[in-house]
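Each chain is listed here by its residues.
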Amino acid sequence: MWWEDAVVYEVYPRSFADTDGDGIGDLNGIRAKLPYLAGLGADAIWLTPFYPSPLADGGYDVSDYCGVDPRLGTLADFDALVQEAAGHGIRVLVDIVPNHCSIEHPLFQAALAAGPGSQERDRFIFRDGDGDLPPNNWPSVFGGRAWTQVGDGQWYLHLFDSSQPDWNWRHPDVPAFFADVLRFWLDRGVAGLRVDVANAMFKDPELPDLPPDTPQYGPSPFNHRAELHELFPSWRAILASYPADGFPGPRTAIGEVWYDGPQTLLPYLAPDGLPQVFNFQLLQVPWQARALRDAIDGTLALAGGSRAPWVIGNHDVVRPVTRFGGAEAARTAALLQLALPGSAYLYQGEELGLPEVTDLPDGARQDPTFHRTHGAVPGRDGCRIPLPWSADAPITPSWLPQPAGWGQYSVAAQSGDPGSFLTLYRAALRLRGELPALGAGTLRWLDSPADSLIFAREPGFVFAANLGQAPILLPAYTGVLLSTGPLPGDGTLPPGTAVWLAGGPDLL
Ligand code: NOJ
């Protein structure tokens, strides 16, 4: 199936491309850049939320699940985008946000109006408090408590911002509502769904306190509940009800699941579960050969990269250049990610080597995490700065300011530069499409010095990376396919360099 080895490019629409000059990217901007995405070699794009929203959490506070935010375009623009993307052989995935909506959603407004004890309230998680205290001790992921009190004294649960009330998945209206949302977008031709917060939709009905020291990503009264695995087969059946032949082919859904270890992930990999679950292991390890290898092996032992695609960045984490400690490391990470078996998700701007912007003025910050922690946690704005397309960046207006000097990272500046990130990514994706050894399949580690990673993909493809301080000897090879930096040509790999090789006969 196409999704088993697809390269999926994550588009954060407000920060991708702005065609109407209001400083906010729009759907027509994505349409305009389809040739760029096709030239890069993306098989599919995942659009983070573009729905009507008060934008308290970058659109993950949805007030209408079946519309387009007028600042980003119209449904007609969306349909045109899906159709034009298909013309480039690019599939479109949309983001489904089933854990919570926006306080502006009509059903939450109806719940507020209907008052305690009503059916309307029961679609959300309203409870009486304990005196002046909330019903339990659950924290919000964004800081502070997970409960907010309304005028009549009841409290509602929000695992994220207070503007994002959690749905009650035990009320029959909620699964029925979301089944319709899934069909709404699948009927419009989308190839798949990214499922936000897929691990936390069901809560323990007793809402017990969170025991002290519960691991953040481990099972808890609101994480990884067994009821999820009764729901997801029904979503899989919805996906399977769409034709598997032709374009876009078999539909997929990929769950955003943060987990603490293999036992927690396993139930999500049931044959009738969501087709895919993100593999966030490479986001959580230090830039160190042993740790990377363990993270890779851990995933492969469980799932393989087809069901658990590789990720080195997204709109929620520090950009790879900054997290891995520099451009050299990020270039190596790119070749590593794209050489691993299975599917890979790229986040816009990784192909440009954009660094995290760490010095945004407080007044410019938008992430609720920053505000809810009173600035203690800087938040995720630094990885969401609008992309620089032209060498005269920074552009204004821009909903988050581009730093001075960003023109150097622009698509225009990097195109045609043999040493640029963009040239490296373009070459890697082109080779990935051409080489039968890449994509889905297996991996075999080859002996290599500490501080290095060397593996073979059958037949005849070798990945090698030197994370250490001294040159290492490469295995016998017949040709260099791609490298992150210059090679001396004496069979060694310099420090800070990664390479794709056509393997010698002993490696086949
Ligand atoms: C995960 C999304 O990726 C993130 O951006 C968002 O803030 C939370 N879920 C809540 O929807």
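Note that the structure is a prediction, hence the values are computed from the model and not measured. (Residues numbered from 1 in each chain as written. Predicted model: local features only at pLDDT ≥ 70, side-chain atom pairs only at ≥ 80, totals over all residues. Heavy atoms only, no water.)

**Student:** I tried to follow the pairing of strand 3 (residues 91-96) on my own but got confused; where do I start?
**Tutor:** Regular strands have side chains that alternate between both faces of the sheet. Most of strand 3 is tucked away: 6 of the 6 residues are buried. Here strand 3 shows no split at all, with Arg91, Leu93 and Asp95 on one side and Val92, Val94 and Ile96 on the other all buried. Sheet topology note: the strand 2 (residues 44-47)/strand 3 ladder contains 4 bridges and is parallel. Following the sheet pairing, Leu47 is matched in strand 3 by Val94. Once you follow strand 2 into helix 3 (residues 75-87) and on to strand 3, the crossover reads as right-handed. By the bridge criterion, 4 bridges tie strand 3 to strand 7 (residues 192-195) in an arrangement that is parallel. Each residue of the ladder has a partner; that of Ile96, found in strand 7, is Val195. (Buried < 20%, exposed > 50% of the residue type's maximum accessible area, 1.4 Å probe, protein only. Helix = DSSP H or I, 4+ residues; strand = E, 2+ residues; numbered from the N terminus. Pairing = 2+ DSSP bridges. Right-handed = clockwise from strand over helix to strand, strands pointing away.)

**Student:** Explain the site of the ligand to me, please; I cannot follow it from the model alone.
**Tutor:** Around the ligand there are 13 residues in total, and Asp57, Asp196, His315, Asp316 and Arg380 lie nearest to it. One of the side-chain nitrogen or oxygen atoms of Arg194 is found 3.0 Å away from an oxygen atom of the ligand. One of the side-chain N or O atoms of His315 is found 2.8 Å from an oxygen atom in the ligand. Alone, the ligand offers 300 Å² of accessible surface; in the complex the protein occludes 98% of this. Per-class residue counts for the shell around the ligand are 4 nonpolar, 2 polar and 7 charged. (Near = heavy atom within 4 Å. Polar contact = N/O pair within 3.5 Å; in protein donor to acceptor, adjacent residues only side chain to side chain. Areas by Shrake-Rupley, 256 points an atom, 1.4 Å probe, with all protein chains shown as cover. Nonpolar A, V, L, I, M, F, W, Y, C, P; charged D, E, K, R; others polar.)

**Student:** Which parts of the structure should I look at to understand the environment of Tyr12?
**Tutor:** You can see Tyr12 is positioned in the loop between strand 1 (7-11) and helix 1 (27-32). Note on Tyr12: relative accessible area 1%, which makes it buried. Every residue in contact with Tyr12, bar those within four places of it in the chain, is listed here: Thr48, Gly58, His315, Tyr347, Gln348, Arg384 and Trp399. A distance of 3.5 Å separates polar atoms of two side chains, one belonging to Tyr12 and the other to Arg384. (Contact = heavy atoms within 4.5 Å.)

**Student:** Would you explain the sheet that holds strand 6 (residues 155-157) in this entry?
**Tutor:** By way of backbone hydrogen bonds, the strands of a sheet pair with one another, either parallel or antiparallel. Taken in spatial order, the 3 strands line up as 4-6-5 in an open sheet, and their pairing is antiparallel. Looking along the sheet, the strands with just one partner apiece sit at the ends: strand 4 (126-127) and strand 5 (147-149). In this sheet, strand 6 lies alongside strand 4 in antiparallel orientation, the contact comprising 2 bridges. By the bridge assignment, Arg127 is partnered in strand 6 with Trp155.

**Student:** Please clarify how the sheet that holds strand 2 should be interpreted in this entry.
**Tutor:** Reading across from one edge, 9-8-7-3-2-1-11-10 is the order of the 8 strands in this open sheet, with parallel pairing throughout. With one partner strand each, in any of the chains shown, strand 9 (276-277) and strand 10 (310-311) form the two edges of the open sheet. As judged from the 4 bridges shared by strand 7 and strand 8 (residues 252-255), these two strands associate in the parallel manner. Residue pairing for strand 8: Arg194 is matched across the bridge by Ile254. In this fold helix 6 (residues 173-187) packs onto strand 3 and strand 7, with an angle of close to 160° to the strand it touches most, strand 3. (Axes fitted to C-alpha atoms, helices over the stretch in contact; angles between N-to-C directions.)

**Student:** Could you clarify how one ought to interpret the nonpolar core in this entry?
**Tutor:** Note on soluble globular proteins: their nonpolar side chains tend to be buried together. One finds Tyr9, Phe50, Phe78, Trp235, Phe463 and Trp500 to be the most contacted residues of the largest nonpolar core, which totals 143 residues. Non-local contacts of Phe78, meaning those with residues more than four positions away in its chain, are made with Leu27, Leu47, Phe50, Val68, Val94, Trp185, Arg188 and Val190. Counting 14 residues, the second largest nonpolar core, distinct from the first, contains Phe142, Leu157, Leu210 and Phe222. (Core = buried A, V, L, I, M, F, W, Y, C linked by side-chain atoms within 4.5 Å.)

**Student:** Explain unusual backbone geometry to me, please; I cannot follow it from the model alone.
**Tutor:** When glycine is set aside, most residues are seen to have a negative phi, and most peptide bonds are trans. For the bond from Phe247 to Pro248, the omega torsion is 5°, close enough to zero to count as cis. Structurally, the position occupied by Pro248 is in the loop between helix 7 (228-240) and strand 8. Residue Pro394 is bonded to the preceding Ala393 through a cis peptide linkage, with omega at 10°. By secondary structure assignment, the location of Pro394 is in the loop between helix 12 (368-372) and helix 13 (411-414). Unlike most non-glycine residues, Leu207 shows phi in positive territory, near 45°. By secondary structure assignment, the location of Leu207 is in the loop between strand 7 and helix 7. Classification of Leu207 as buried rests on a relative accessible area of 9%. A positive phi angle, near 70°, is found at Asp451, a position not held by glycine. Looking at the element boundaries, Asp451 is found in the loop between strand 12 (444-445) and strand 13 (452-457).

**Student:** Explain the pattern of salt bridges here, please?
**Tutor:** Under the criterion given, the structure shown has 22 salt bridges. One salt bridge in this structure joins Asp69 and Arg71, with 2.8 Å as the shortest N-O distance. By relative accessible area, which is 3% here, Asp69 ends up buried. Using a relative accessible area of 37% as the deciding quantity, one classes Arg71 as partly exposed. Among the ionic pairs, Arg183 bridges to Asp180, the shortest N-O distance being 3.8 Å. Here the residue Arg183 and the residue Asp180 both occupy positions in helix 6, the gap between them amounting to 3 residues, near one helical turn. (Salt bridge = Lys/Arg side-chain N within 4 Å of Asp/Glu carboxyl O.)

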